Amino acid sequence: MDFRVVVSDPKSGKAYQVELKDPGAGKLLGKHIGDKIEGDILGMPGYSMQVTGGSDREGFPMRADLPGTKRRKILLSTGTGYHPIAEGKKKRKSIHGRDISPDIGQINVKVVESGAKSLEELLGKAPKEEKAE
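This text gives an overview of the structure that appears in the document.

Cut-offs applied
- Residues numbered from 1 in each chain as written.
- Predicted model: local features only at pLDDT ≥ 70, side-chain atom pairs only at ≥ 80, totals over all residues.
- Heavy atoms only, no water.
- Helix = DSSP H or I, 4+ residues; strand = E, 2+ residues; numbered from the N terminus.
- Buried < 20%, exposed > 50% of the residue type's maximum accessible area, 1.4 Å probe, protein only.
- Contact = heavy atoms within 4.5 Å.
- Pairing = 2+ DSSP bridges.
- Axes fitted to C-alpha atoms, helices over the stretch in contact; angles between N-to-C directions.
- Salt bridge = Lys/Arg side-chain N within 4 Å of Asp/Glu carboxyl O.
- Core = buried A, V, L, I, M, F, W, Y, C linked by side-chain atoms within 4.5 Å.

Digging into the environment of Lys-110
Reasoning step 1: By the element assignment, Lys-110 lies in strand S7 (residues 104–113).
Reasoning step 2: Among the residues examined, Lys-110 registers a relative accessible area of 35% and is labelled partly exposed.
Reasoning step 3: When the C-alpha atoms of Lys-110 and Thr-52 are compared, they prove to be 6.8 Å apart, with 58 residues separating the residues in sequence.
Reasoning step 4: Beyond its immediate stretch of four places on either side in the chain, Lys-110 contacts Ser-8, Ser-48, Met-49, Gln-50 and Thr-52.

Structure, rendered in structure tokens:
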């Protein structure tokens, strides 16, 4: 079990990808959207993060108002997973619950409290934006 964690820094507006392997990945199981996690899990001591979303291994998005760890087909009018073109349109879509389980592929987090070192120093990588060039 491993997760791809996308760490967003609201201050700089940059995002970083971190691969989280088995020992640390188990600490995220059972957490859900909105929970705070310690940066030590991701190798960023002193940082505090908040889970903002994610998607499962097949690409279905997680939704904060859907409890559980399973994927369900629900009727949506707006929000995560469906953006209607016409007003009043509804559609039944497959959406994953808000809880992190082993079938989650990507977890999105944002930095809430910064540590002593900058993210670039800790991760030793360029942000996603710069890699595309």
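Thoughts on the pairing of strand S1 (residues 3–9)
Reasoning step 1: The buried fraction of S1 amounts to five of the seven residues, a majority that puts the element mostly inside the structure.
Reasoning step 2: Summarising the sheet, S1 and strand S2 (residues 14–20) pair through seven bridges and their orientation is antiparallel. Opposite Val-7, over in S2, you have Tyr-16 as the bridge partner.
Reasoning step 3: Remark: four residues form the turn of the hairpin made by S1 and S2, two consecutive strands paired antiparallel; Gly-13 in that turn has positive phi of roughly 80°.
Reasoning step 4: In this structure, S1 lies alongside S7, joined through five bridges in parallel fashion. In the strand pairing of S7, Val-6 is matched with Asn-108.

Regarding the sheet that holds S2
Reasoning step 1: Here five strands make up an open sheet; going across it, the order is S2-S1-S7-S4-S3 and the pairing mixed. Two strands lie at the open edges of the sheet, namely S2 and strand S3 (36–38), each paired on one side alone. Averaged over neighbouring strand pairs, the angle between their axes works out to 35° when direction is ignored.
Reasoning step 2: Relative to S7, strand S4 (residues 48–56) is paired through eight bridges, and the arrangement is antiparallel. Residue pairing across strands places Met-49 opposite Val-111, the latter belonging to S7.

Focus: the environment of Val-112
Reasoning step 1: Tracing the backbone shows Val-112 in strand S7.
Reasoning step 2: Given the relative accessible area of 37%, Val-112 is considered partly exposed.
Reasoning step 3: Distance from Val-112 to Ala-15, taken between C-alpha atoms, is 14 Å for residues 97 residues apart in sequence.
Reasoning step 4: In contact with Val-112, other than residues within four places in its own chain, are Lys-36, Ser-48, Met-49 and Gln-50.

Remarks on the pattern of salt bridges
Pairing is possible between side chains of opposite charge, provided their charged atoms come close.
Reasoning step 1: Counted under the stated rule, the structure contains five salt bridges.
Reasoning step 2: With its nearest N and O atoms 2.8 Å apart, the salt bridge here joins Asp-65 to Arg-63.
Reasoning step 3: Residue Asp-65 is classed as exposed on the basis of its relative accessible area of 52%.
Reasoning step 4: Exposure remark for Arg-63: the relative accessible area of 11% places this residue in the buried category.

Regarding the nonpolar core
Reasoning step 1: The biggest cluster of nonpolar side chains holds 24 residues, and the ones touching the most others in it are Phe-3, Val-7, Leu-20, Met-44, Met-49, Ile-107 and Val-109.
Reasoning step 2: Elements represented by at least two residues in this core include exactly S1, S2, S4, S7 and helix H2 (119–123).
Reasoning step 3: With four residues, S7 is the single largest residue contributor to this core.
Reasoning step 4: Every residue in contact with Ile-107, bar those within four places of it in the chain, is listed here: Phe-3, Arg-4, Val-5, Val-6, Leu-28, Val-51, Gly-53, Gly-54 and Ile-100.

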